[in-house]
Amino acid sequence: MTGSRPLRPRLRALRPEAFGADPSGARMERIRRSPNFADGVFQNPVGARTRPAGSLVEFAKIYFHKEQRVRRGPGAPIPVYPTTLAELAKPPVSGLRLTWMGHSSVLAEIDGRRVLFDPVWGERCSPFPFAGPKRLHPVPVPLASLGDVDVVVISHDHYDHLDLPTIKALAGTDTVFAVPLGVGAHLERWGVSPDRLRELDWNESTKVAGLSLTATPARHFCGRGLRNQQFTLWASWVVTGDEHRIFHSGDTGYFPGFEEIGSAHGPFDATMIQIGAYSEYWPDIHMTPQEGMRAHLDLQGGIPHGTMLPIHWGTFNLALHPWDEPGEGTMAAAEAEGAAVALPLPGQPFEPGAADAPAEPWWRPFVAGGSPAPAAAPRPDAAPRAAEAERPQAGVREEPEAVGS
């Protein structure tokens, strides 16, 4: 028995760098004191199944169906907007400008400060450089050409949101990192000094360069390694400046908490809402475009205020739906609700509310087969099911996937 203990540090040293590090010491003690940590794991605000539901045989049939596989990617190279440092150096007229870099990565320029959400500049969202979902379009602008960033905000530790090569590149700058509780362990292993970390539990806030950043609840899960012990939290984020306020959803299923977030922190000049990588096989942890629009309206007090930027789509193939379906579904949902949405090319800066904000379906010429996918069918039972769900009881663990998004 005693001879086995010295092996633990050695085994830890063999852990792939991309897996990050498990929280320990004072960080783990803080996690155990969190009101959102129970029965040895972080809990969702309402119950959520994190493993795929339904028949694996049916899932495999859909996954390997030739025609459907073709539709899950673009039919031609996706264009990107040639963003330049000079263009981004010009202050936004309104004081607020967003640049969607693809997937969930957004550069937000707000009241003279710059916030970079979920930066993923790597070629694959995977722990391995030779396998895993690969980019469907190039990064619009090299990370080194992006210019100074005041704060990097991370929503959770899945590979398509927390990217090892990107973080290691940013570790050499002076930027501050705002992350959910527990995620700081990964960043410290990758070279980020503890004094540049702001590690928050839900509903905790911090000040960075005059901005207020608040970690708010989300309905998702975490994990990078093989064990997925749910020791790192997932979050949505509110960022408030002197004149503007914005919201980034991270990854989340629909739940009633959006109304509470909107009541406490809204309304928002812009929301960045996850509308891709959804499936009937995992309905609790990702939103359809219709659910995303409902979340946007909940955040705005039920009124179609501000601009919604759809995120978490178009860049990586992470689900069974057609590549263009999230965009089409978002357009249809916005039209039905009379809400403003921005539809930029990856890398295209825009100012929410401006007359020239991009609103055209740029993706249609690049659809495989030449015709756009129909709008995603709404799940009318999804919101009531979320509202009725209860927090998992003590002793009942949610089951996380080994690698998720």
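Bear in mind that the values here come from a model prediction, so they are computed numbers and not experimental data.

Colleague: What is the right way to read the sheet that holds strand β5 (residues 113–117) from this model?
Modeller: Sheet strands line up and pair through hydrogen bonds in the backbone, either parallel or antiparallel. What the seven strands build is an open sheet, ordered β8-β7-β6-β5-β4-β3-β16; its pairing is mixed. For this open sheet the edge positions go to β8 (197–200) and β16 (349–350), each flanked by a neighbour on one side alone. Across three bridges, the pairing between β5 and strand β6 (residues 151–153) is parallel. The residue of β6 that forms the bridge with Phe-117 is Val-153.

Colleague: What's the story with the nonpolar core in this structure? I'm lost.
Modeller: Leu-98, Val-115, Phe-117, Leu-213, Trp-237 and Ile-246 are the most contacted members of the largest nonpolar core, which has 66 residues in total. With four residues, helix α9 (residues 289–299) is the largest single contributor of residues to this core. Among all residues touching Leu-98, those that are not within four sequence positions of it are Val-106, Leu-107, Ala-108, Ala-270, Met-272, Leu-309, Gln-348, Pro-349, Phe-350 and Pro-352. Listed in part, the 24 residues of the second largest apolar core include Ala-18, Leu-88, Ile-154 and Leu-187.

Colleague: Explain the sheet that holds strand β9 (residues 205–208) here, please?
Modeller: Reading across from one edge, β9-β10-β11-β12-β13-β14-β15 is the order of the seven strands in this open sheet, with mixed pairing throughout. What marks the edges here is a single partner per strand, and that holds for β9 and β15 (340–341). Strands in contact with α9 are β12 (245–248), β13 (270–274), β14 (307–311) and β15; relative to β13, the strand with the most contacts, it is inclined by about 150 degrees.

Colleague: Which parts of the structure should I look at to understand the packing of helix α8 (residues 257–265) against α9?
Modeller: Each pair of packed helices gets described by two things: the angle between the helix axes and the distance between those axes. It is at 7 Å that the axes of α8 and α9 come closest, and there the two elements cross at 35 degrees. Handedness of the α8/α9 crossing: right-handed. Here Phe-258, Glu-259, Ile-261 and Gly-262 of α8 come into contact with α9, specifically with Ala-295, Asp-298 and Leu-299. Residue composition of the contact of α8 with α9, grouped by class: four nonpolar, one polar and two charged.

Colleague: What is the right way to look at the packing of aromatic side chains in this model?
Modeller: In this description, an aromatic ring pair is defined by two values, namely the gap between the centres and the angle between the planes. Scanning all chains against the criterion turns up 14 aromatic pairs. Aromatic side chains Phe-247 and Phe-258 sit 6.5 Å apart centroid to centroid with 85 degrees between the ring planes, which places their arrangement in the edge-to-face category. Highlighted residues: Phe-247 in strand β12 and Phe-258 in helix α8, separated in sequence by 11 residues. Ring-pair connections join several aromatic residues into one group, and the members of that group are Phe-37, Phe-42, Trp-202, Phe-231 and Trp-234.

Colleague: Quick question: what am I supposed to make of the environment of Met-293 here?
Modeller: Of note, Met-293 is situated in helix α9. Put simply, Met-293 and Pro-310 are 17 residues apart on the chain and 9.1 Å apart in space, counted from C-alpha to C-alpha.

Colleague: What is the right way to look at unusual backbone geometry in this model?
Modeller: For residues that are not glycine, phi is negative in most cases, and the peptide bond is trans in most cases. Of note, the bond from Gly-266 into Pro-267 is cis; its omega dihedral lies within 30 degrees of zero at -5 degrees. Of note, Pro-267 is situated in the loop between α8 and β13. If you check the backbone angles, His-103 has positive phi at about 55 degrees while not being a glycine. By secondary structure assignment, the location of His-103 is in the loop between β3 (96–102) and β4 (105–110). Taking the relative accessible area as the measure of exposure, His-103 reaches 2% and is therefore buried.

Colleague: Quick question: what am I supposed to make of the environment of Ile-261 here?
Modeller: Position of Ile-261 among the secondary structure elements: in helix α8. Classification of Ile-261 as buried rests on a relative accessible area of 5%. A C-alpha to C-alpha distance of 9.3 Å links Ile-261 and Gln-300, two positions 39 residues apart in sequence. Every residue in contact with Ile-261, bar those within four places of it in the chain, is listed here: Thr-216, Pro-217, Ser-236, Val-238, Phe-247, Gly-266, Phe-268 and Leu-299.

Colleague: I keep staring at the pairing of β12 and nothing clicks. Help me out?
Modeller: Remember that side chains alternate between the two faces of the sheet whenever the strand is regular. Sheet analysis places strand β11 (residues 236–240) next to β12, joined by four bridges and oriented antiparallel. Bridge pairing links Trp-237 to His-248 in β12. The turn linking β11 back onto β12 is made up of four residues. Note that the unit made of β12, α8 and β13 has a crossover that is right-handed.

Conventions and cut-offs
Residues numbered from 1 in each chain as written. Predicted model: local features only at pLDDT ≥ 70, side-chain atom pairs only at ≥ 80, totals over all residues. Heavy atoms only, no water. Pairing = 2+ DSSP bridges. Helix = DSSP H or I, 4+ residues; strand = E, 2+ residues; numbered from the N terminus. Core = buried A, V, L, I, M, F, W, Y, C linked by side-chain atoms within 4.5 Å. Buried < 20%, exposed > 50% of the residue type's maximum accessible area, 1.4 Å probe, protein only. Contact = heavy atoms within 4.5 Å. Axes fitted to C-alpha atoms, helices over the stretch in contact; angles between N-to-C directions. Left-handed = near helix turned anticlockwise from the far one by under 90°. Nonpolar A, V, L, I, M, F, W, Y, C, P; charged D, E, K, R; others polar. Phe/Tyr/Trp six-rings, centres within 6.5 Å; stacked < 30°, edge-to-face > 60°. Right-handed = clockwise from strand over helix to strand, strands pointing away.

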